[in-house]
Amino acid sequence: MLTTKSIFDRYQEVRARFPEVEPRDRSVEIQSLLEIADQVDAFVFDAFGVLNVGETMIPGADKRLDQLREKGCEIRILTNAASYDRDGAISKFKRLGLRVKDEEIITSREATLQKLSEGHWGVIAADTDQLTDLPVPVTRLRDNSADYHQVDQFLFLSTADWTGSRQDLLEAAMRERPRALLVGNADLAAPRDDGFSVEPGHYGHKVADLFPDHVQFFGKPFPEVYDLIEASLPTLIPSRIAMCGDTLHTDILGAAARGWRTVLVTQDGLFSGFDTQPFSQQAGLFADWRVRRI
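Cut-offs and rules
- In this numbering scheme, every chain counts its residues from 1 along its sequence in written order.
- Reporting of local features is limited, given that this is a predicted model, to residues whose pLDDT is at least 70; pairs of side-chain atoms are given and counted only at 80 or more, and all residues count toward the totals for whole chains, interfaces and linings.
- Heavy atoms throughout the structure, all of them, feed into the side-chain values; hydrogens and water do not.
- What is meant by a nonpolar core is a set of buried Ala, Val, Leu, Ile, Met, Phe, Trp, Tyr and Cys residues, joined one to another through side-chain atoms within 4.5 Å.
- Relative accessible area decides the class of each residue, using a 1.4 Å probe on protein chains only: under 20% of the type maximum gives buried, over 50% gives exposed, and in between gives partly exposed.
- Helix and strand definitions follow DSSP, with helices as H or I runs of at least four residues and strands as E runs of at least two, each counted in order from the N terminus.
- When checking whether two residues touch, look at their non-hydrogen atoms; a contact exists if any pair is within 4.5 Å.
- Computed over the protein atoms alone on a 1 Å grid, cavities are sets of points where a 1.4 Å probe fits but cannot get out and pockets are open sets with protein on both sides within 12 Å along at least five of seven lines; a residue lines them when it has an atom within 4 Å of a point.
- Grid points are joined across faces, edges and corners, and a volume is the space filled by probe spheres set on the points.
- Each residue receives one of three labels: charged for Asp, Glu, Lys and Arg, nonpolar for Ala, Val, Leu, Ile, Met, Phe, Trp, Tyr, Cys and Pro, and polar for the others, Gly being one of them.

What follows covers the nonpolar core. With 37 residues, the main nonpolar core has Phe154, Leu170 and Leu248 as its most contacted residues. Broken down by secondary-structure element, the contributors of at least two residues to this core are α1 (4-13), β9 (153-156), α6 (164-176), β10 (181-183), α7 (200-210), β13 (215-217), α9 (248-258) and α10 (277-283). When residues no more than four places from it in sequence are discounted, the contact partners of Leu248 are Phe8, Leu253, Leu264, Phe271, Phe279, Ser280 and Leu285. Counting residues in hydrophobic clusters, the runner-up holds 32 residues, among them Ala37, Val50, Phe93 and Ala190.

The space that makes up the largest pocket amounts to roughly 580 Å³. Residue lining of the largest pocket: 37 residues in total, with Phe48, Ala81, Ser83, Tyr84 and Arg192 positioned closest to the centre. Secondary structure elements with two or more residues in the lining of the largest pocket: α1, α3 (86-96), β11 (189-192), β12 (195-198) and α9. Per element, the largest residue contribution to the lining of the largest pocket is 4 residues, and it comes from β11. Partitioning the lining of the largest pocket into residue classes produces 13 nonpolar, 12 polar and 12 charged.

Shown next as structure tokens:
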């Protein structure tokens, strides 16, 4: 079973693969984002643990986004979820009850698909994912070992239907012939209503432990998603953008490496029920601000 500590410890183990940041030693405590709205031109929100937990919106999240817009702040949602295409991502946030514009949502899947090269791709995806946004020939990887050996590269989008035996097939195929593996969601885990789900980054790092030169991760804390955010906010300087997230090694580290401001949200995400101070001290990762809920 995944726990806050085991997830944190694994992030620490693989941290050498992440961007480098200068260590910090403290965060400023605030009660809401309204206190810092005059210092920020754009708020970028992680989804899980900040705006929603599982399929449930965190109370007040919709109202806070509206209030920040009223103060003149731009809003973006930056999610590492790669299990559905752009239309699916937009539908999900609207279904939650968040009043967001389509162009305010940016996903790690978008960044990943921009890096697909020619060739036949073996794709790890939810059975419900139609894969219609993939511009390359694909084979959906399930339990047929021959499929793993025949494809040119691998693309990991979702753990929804992934199993340990399928992971064994992937690793065996890599041992036989190492190839590129693109991981569309760098998260190790995500908070759900009943605990944590295992995400593609968990399995991607297992392969990277064996073949570090063949695995590329997308989503926070890696740079491609920040490129997309900044391209959507061309007139803003990085120090006037604030990332709001619940995870030190993805949300906070990635944004700090980019020169953005950072807000660690503590009540509902990875550190729910824990004091974040010991974790921040161990990792040397302190956000500019810390808040229970946005």
